[in-house]
Amino acid sequence: MNRICSIGRFACLLAGLALAGRDPLTKGAKSRVRRRLALVAAVAGLVVPLAAAAPSPAGTEQSPAEPATVVLEWNANAVAAVRAARVMDPQGTAARPLYQTEGLLYMSYVQAAVYDAAVKIGHRYVPYHRFSAAAGNASLQAAVIAAAYNTLVFYFGDPSGTLAAKYTASIAALPDDRTTARGIAVGQAAAADIEALRANDGRNAPVSTPFGAGPLQPGLWVWAPPPSPQIAQTPWMAVMHPFMLESTSQFRAPAPPALTSALYTHDFNETKAYGSATSAVRTPAQTAIAYFWNANAINQLNQTLQNVATQHNMDLLDTARLLAAGNMVPTDAGMACFDSKYTYQFWRPITAIRNADIDGNPATTADPTWTPLLTTPNHPEYPAQHGCVTSALAQVLANTLHTSSINATIPGAQGGATTLTTSQTFATVHDLYAQLVNARVWIGFHYRNSVVAGENLGTAVAKWELQRYFLSTDNDQ
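Treat the numbers as computed from the prediction; the structure is a model and nothing was measured.

Asker: What is the right way to look at the state of the cysteines in this model?
Answerer: Formally, a disulfide is one covalent bond, and it connects the sulfur atom of one cysteine to the sulfur atom of another. Inspection of every chain in the model, using the stated rule, returns one disulfide. Covalently, Cys337 is tied to Cys388 through a disulfide, its sulfur atoms 2.4 Å apart. Handedness of the Cys337-Cys388 disulfide follows from its S-S torsion of about 65 degrees: it is right-handed. Within this pair, whereas Cys337 is found in helix α12 (residues 316–344), its partner Cys388 is found in helix α14 (residues 385–401), the two being separated by 51 residues in sequence. In this structure, Cys337 and Cys388 share a single accessibility class: buried.

Asker: Looking at this model, I keep getting lost on the pattern of salt bridges. Mind explaining?
Answerer: Side chains bearing opposite charge may pair, as long as their charged atoms lie close to each other. In this structure the tally under the stated criterion is seven salt bridges. The shortest N-O distance in the salt bridge between Asp201 and Arg198 comes to 3.0 Å. We note a salt bridge from Asp339 to Arg252, for which the minimum N-O separation is 2.8 Å. Residue Asp339 is found in helix α12, and its partner Arg252 is found in the loop between α8 (178–197) and α9 (262–274); the two are separated by 87 residues along the sequence. The partly exposed category is assigned to Arg252, whose relative accessible area is 38%.

Asker: When you look at the packing of helix α4 (residues 69–84) against helix α11 (residues 297–311) in this model, what are you seeing that I'm missing?
Answerer: To describe two helices that pack against each other, one gives the angle between their axes and the distance between the axes. The geometry of α4 relative to α11 is characterised by a closest axis approach of 10 Å and an angle of 175 degrees between their N-to-C directions. Of the possible angle classes, the one that applies to α4 and α11 is roughly antiparallel. Listed contacts from α11 to Leu72, Asn75, Ala76, Val79, Val82 and Arg83 of α4 are Ile298, Asn299, Asn302, Gln306, Ala309 and Thr310. Along the lines of polarity and charge, the residues of the contact of α4 with α11 split into six nonpolar, five polar and one charged.

Asker: I keep staring at the environment of Ser404 and nothing clicks. Help me out?
Answerer: Tracing the sequence through the fold places Ser404 in the loop between α14 and β3 (408–412). By relative accessible area, which is 45% here, Ser404 ends up partly exposed. With 23 residues separating them in the primary sequence, Ser404 and Ala427 have C-alpha atoms 8.5 Å apart. With near-sequence residues (within four places) excluded, Ser404 lies in contact with Ala398, Ala427, Thr428 and Val429.

The rules behind these values
- Position numbers for residues count from 1 along each chain, tracking the sequence in the order it is written.
- Thresholds applied to this predicted model are a pLDDT of at least 70 for local features of residues and 80 or more for the giving and counting of side-chain atom pairs; totals over whole chains, interfaces and linings are not thresholded and use all residues.
- Working from all heavy atoms in the structure, the side-chain values ignore hydrogens and water.
- By definition, disulfides here are pairs of cysteine sulfur atoms that lie within 2.5 Å.
- Only DSSP runs of H or I reaching four residues or more are called helices, and only runs of E reaching two or more are called strands; each is numbered from the N terminus.
- The classification of residues rests on relative accessible area computed with a 1.4 Å probe and restricted to protein chains. Under 20% of the type maximum is buried, over 50% is exposed, and intermediate values are partly exposed.
- Between Lys or Arg on one side and Asp or Glu on the other, a salt bridge is scored when a side-chain nitrogen of the former is within 4 Å of a carboxyl oxygen of the latter.
- Angular values range over 0 to 180 degrees, each being the angle between N-to-C directions of two axes fitted as lines to C-alpha atoms, with helices fitted over their stretch in contact.
- Just so you know how the angles are binned, under 35 degrees is roughly parallel, over 145 roughly antiparallel, 65 to 115 roughly perpendicular, and the rest oblique.
- Contact criterion: two residues are considered in contact whenever any of their non-hydrogen atoms come within 4.5 Å of each other.
- Residues are grouped as follows: Ala, Val, Leu, Ile, Met, Phe, Trp, Tyr, Cys and Pro are nonpolar; Asp, Glu, Lys and Arg are charged; every other residue, Gly included, is polar.

Encoded structure:
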């Protein structure tokens, strides 16, 4: 690569694009990973003689602080690519946008590669997964750019050339020198390593169980009536290999309450009253809070992380860590949540309320026309997915800032849309948890206990993982 780059930036960029592999992940994925690893190894070998200093052992010498601009820029590029992506899952169905937790999975692939590339050079934190690359005298910024770009192209392709154009512009802003070339090689190696590591993680695995198809039984989840999609959302995420957990069932939630219990009766009647599209008791302020948390989680979570990084003037390495932990930990919590969901297959309020005459509980009354504030998601009710994912995010923020007083600005939606058009600042983790529980009841998607169970699950996942991953090199024993 250094020989190519020595004759000019244009040739260097062409070489980087060729090494990146711009075909979408369709056929021969494993072969492309092996070829990428071989090419990157060759590139790394070529550039070793150009560095005067060998890579420093972890914790012995850290790169000086660098601005977070490129890592924030490529996080935004990744969000745009994930939101634009279309998948055919299950096979044979029409291509569709990525669901929210599914989208966070792809964000996690990208941010894992970016984090590993950055700490390979910077040595401040323990890598998620160690890989071989010559990282001495390498550009942190080039490594971040190359890691993000190569990971995105591997999973999504780049038929429009949008990602290639962004990559070219980002690299062109850096010095046309050997340090940049070495950073590109490190980023490519990090991306290839994550691709190989996650090659058989269970993503998009076929599922034969007809989840949600019925017939209707007391307490059993079935698809909500249209316009809810008549298909189960990503049941494969319940059984795939997590990023850091031992299994998705490691923190499985306890069973939901019995249909005749006092807890279920209370939660049923609360959601029936407050979560209805025509509720007479929900206030305008409560409706606004329900709408706030209808924002697309991919955008909402990553914009929150960007806000926190900017607010606290984090440098490149700290921001790379925050973005990696802030996507990967909630994604694992989301997988664990799906494990509980598809284990218990508990019915949604729209089904429970319309069919309360079959639940065996004399304290619940059926309303055959009841409808929630917004369209019900197409996966089982218990525990609440937003509770799992958002509580994990809150724990990442508290861990990063070393306080539960996070003072974090979180963007949200208005009027039933999913785009980010407003924001709130939450002083503490407790404040965030409390509002989220109310929001999912007031939107009519969940029972109160289900959101609390989700928050408990997400908190447990996050605390377990943050004790073991994304540690300072001072703790790398």
